[in-house]
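Spelled out, the chains give:
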Amino acid sequence: MNHLYDCIIIGGSYAGLSAALVLGRALRSVLVIDSGMPCNRYTPHAQSYLTRDGVAPDALRELAMADVRKYQTVHFVEDKAETALRDGIKFCINTYSGKEYKGRKVLIATGVRDIFPDIPGFEACWGKSVIHCPYCHGYESRGYKAAILCSENTGFGYLKTIRHWNPDLTVFLQSGCTFSEDELAQLHIAKVKIVDVPVVEIIESGGLMSEVILADGSRRPFRVLFAPVPSQQTNHLARDFGCNISEDRDLIICEETGVTSQYGVFAAGDCTVEHGRQLAFATANGMSAAFSINHQLIEEDFIESLLGK
């Protein structure tokens with residue numbers, strides 16, 4: 001445990017693996033700490049990923065792992081980071097299994113945790129027939145009679161976007177959902193059905209919904225339900241390091257290069273504010289952060305060489 005890694009990557013999904021691949025090719029010693037619980041574990045297929053459109057996320061991750069494992073300086077630990085702190089110019093990561101790892105740089109690529117409403121059947125359908133991203137699942141949902149579960153974090157623009165794929169659209173106004181009279185009038189003109197009785201249960205089989213039950217006991221048949229749920233950080237590591245956090249969205253604030261407000265700490269993937277939640281974005285984001293990490297290490301190594309260390 002006394003080994004000092006050039007970089008510790010917390011999170012071994014697409015952003016983390018992309019960064020590990022670049023850093024391995026840059027001859028850097030890397031440790032990837034991953035719990036094996038990626039955010040997209042609910043969905044059976046991933047879309048819009050060039051050359052792998054429609055492939056299961058787990059299969060994509062196995063392909064990525066095979067690529068990264070070719071580089072002998074990259075190591076993997078199946079564990080979960082619990083605490084993080086700065087020790088001088090180094091960083092210490094303590095895990096749930098009681099291990100401590102040290103690195104010169106840290107990349108947080110832990111994704112986010114979606115917060116599900118307390119509706120029976122919701123979680124079972126998540127990523128299958130209850131979905132949030134039209135760019136991930138809109139093509140597969142086209143032509144179906146669809147609904148949107150509107151809560152306090154649902155914007156009017158989201159409704160217009162979903163209508164592009166599903167013109168036969170019903171909007172369920174859940175608790176906390178507020179639209180202006182003008183917005184409701186526009187939806188009416190656009191032939192979007194508005195129901196102000198909330199959904200209280202989803203009837204499903206194997207994650208495929210057949211109907212929803214409303215608070216008044218009535219039932220409505222649907223095959224697809226869009227639900228833009230809120231999300232949160234999966235851990236408090238960024239806060240432990242003192243990184244700036246977008247409090248309204250609970251995301252790490254960083255530059256496009258992955259640089260956070262704390263020197264030596266980087267962030268990439270869904271846990272940041274820099275991009276949408278797509279595999280291609282996360283992969284590119286991880287690569288960009290790896291470039292920044294390696295360049296920072298190069299500068300430090302060069303200065304040390306000048307000082308004769």
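Residues numbered from 1 in each chain as written. Predicted model: local features only at pLDDT ≥ 70, side-chain atom pairs only at ≥ 80, totals over all residues. Heavy atoms only, no water.

A. Here's a closer look at the overall build of the protein. Looking only at helices and strands, the protein features eight helices and 19 strands. For the protein, the spread of C-alpha atoms along the three principal axes comes to 75 × 35 × 35 Å. The contacts of the protein with a sequence gap of at least 6 include a subset with a gap of at least 24, amounting to 60%. Of the side-chain charges in the protein, 29 are positive and 37 negative, and the distance between the mean point of each set is 4 Å. (Helix = DSSP H or I, 4+ residues; strand = E, 2+ residues; numbered from the N terminus. Contact = heavy atoms within 4.5 Å. Lys, Arg positive; Asp, Glu negative; His and termini not counted. Charge placed at Lys NZ, Arg CZ, Asp CG, Glu CD.)

B. Layout of the sheet that holds strand β11 (residues 193-195). Strand order in the open sheet formed by five strands is β8-β15-β9-β10-β11, with parallel pairing between adjacent strands. Every other strand in the sheet has two partners, leaving β8 (130-131) and β11 as the edge strands with one partner each. (Pairing = 2+ DSSP bridges.)

C. Structural context of the packing of aromatic side chains. Applying the stated criterion across every chain, the model contains seven aromatic pairs. Between Y135 and W165, the ring centres sit 5.3 Å apart and the planes meet at 85 degrees, which makes this aromatic pair edge-to-face. Of this pair, Y135 sits in helix α4 (residues 134-141) while W165 is found in helix α5 (residues 156-165), placing the two residues 30 residues apart along the sequence. On the numbers, 5.7 Å between centres and 85 degrees between planes, the contact of F172 with F222 is edge-to-face. Residue F172 is located in strand β10 (residues 169-173), and its partner F222 is located in the loop between β14 (219-221) and β15 (224-226); the two are separated by 50 residues in the primary sequence. What links up through ring pairs into an aromatic cluster is the set F116, F122 and W126. Of note, R69 hangs over the ring of F76, and the distance from its end group to the ring centre comes to 4.5 Å. Lying across the ring of F222, K145 places its NZ or CZ 5.3 Å from the centre. (Phe/Tyr/Trp six-rings, centres within 6.5 Å; stacked < 30°, edge-to-face > 60°. Lys NZ or Arg CZ within 6 Å of the ring centre and 35° of its normal.)

D. Structural view of the sheet that holds strand β12 (residues 199-205). On the basis of which strands lie adjacent, the open sheet formed by three strands has the order β12-β13-β14 and antiparallel pairing. Single-partner strands in this sheet number two, and they are β12 and β14. Strand-to-strand twist of the sheet, defined as the mean angle between neighbouring strand axes without regard to direction, takes the value 25 degrees. In the sheet, β12 pairs with strand β13 (residues 208-214) via six bridges, with the strands oriented antiparallel. Counted as the bridge partner of E204 is M209 from β13. (Axes fitted to C-alpha atoms, helices over the stretch in contact; angles between N-to-C directions.)

E. Region of interest: the side chain of Q47. Residue position: Q47 is located in the loop between β2 (30-34) and α2 (57-68). Overall, Q47 belongs to the buried group, its relative accessible area being 12%. A polar contact is formed between the side chain of Q47 and the side chain of D53, at a distance of 2.9 Å. Excluding residues that lie within four positions of it along the chain, Q47 makes contacts with D53, G54, C136, E140 and Q278. (Buried < 20%, exposed > 50% of the residue type's maximum accessible area, 1.4 Å probe, protein only. Polar contact = N/O pair within 3.5 Å; in protein donor to acceptor, adjacent residues only side chain to side chain.)

F. Spatial organisation of the packing of helix α1 (residues 14-25) against helix α8 (residues 279-306). As a packed pair, α1 and α8 sit with axes 7 Å apart at the nearest point and diverge in direction by 40 degrees. By the angle between their directions, the pair α1 and α8 is classed as oblique. Crossing geometry of α1 relative to α8 is assigned as right-handed. Residues Y14, A15, S18, A19, V22 and L23 of α1 lie in contact with α8, whose contacting residues are L279, A282, T283, G286, M287, A290, F291, I293 and N294. Looking at the contact of α1 with α8, its residues break down into eleven nonpolar, four polar and no charged. (Parallel < 35°, antiparallel > 145°, perpendicular 65-115°, else oblique. Left-handed = near helix turned anticlockwise from the far one by under 90°. Nonpolar A, V, L, I, M, F, W, Y, C, P; charged D, E, K, R; others polar.)

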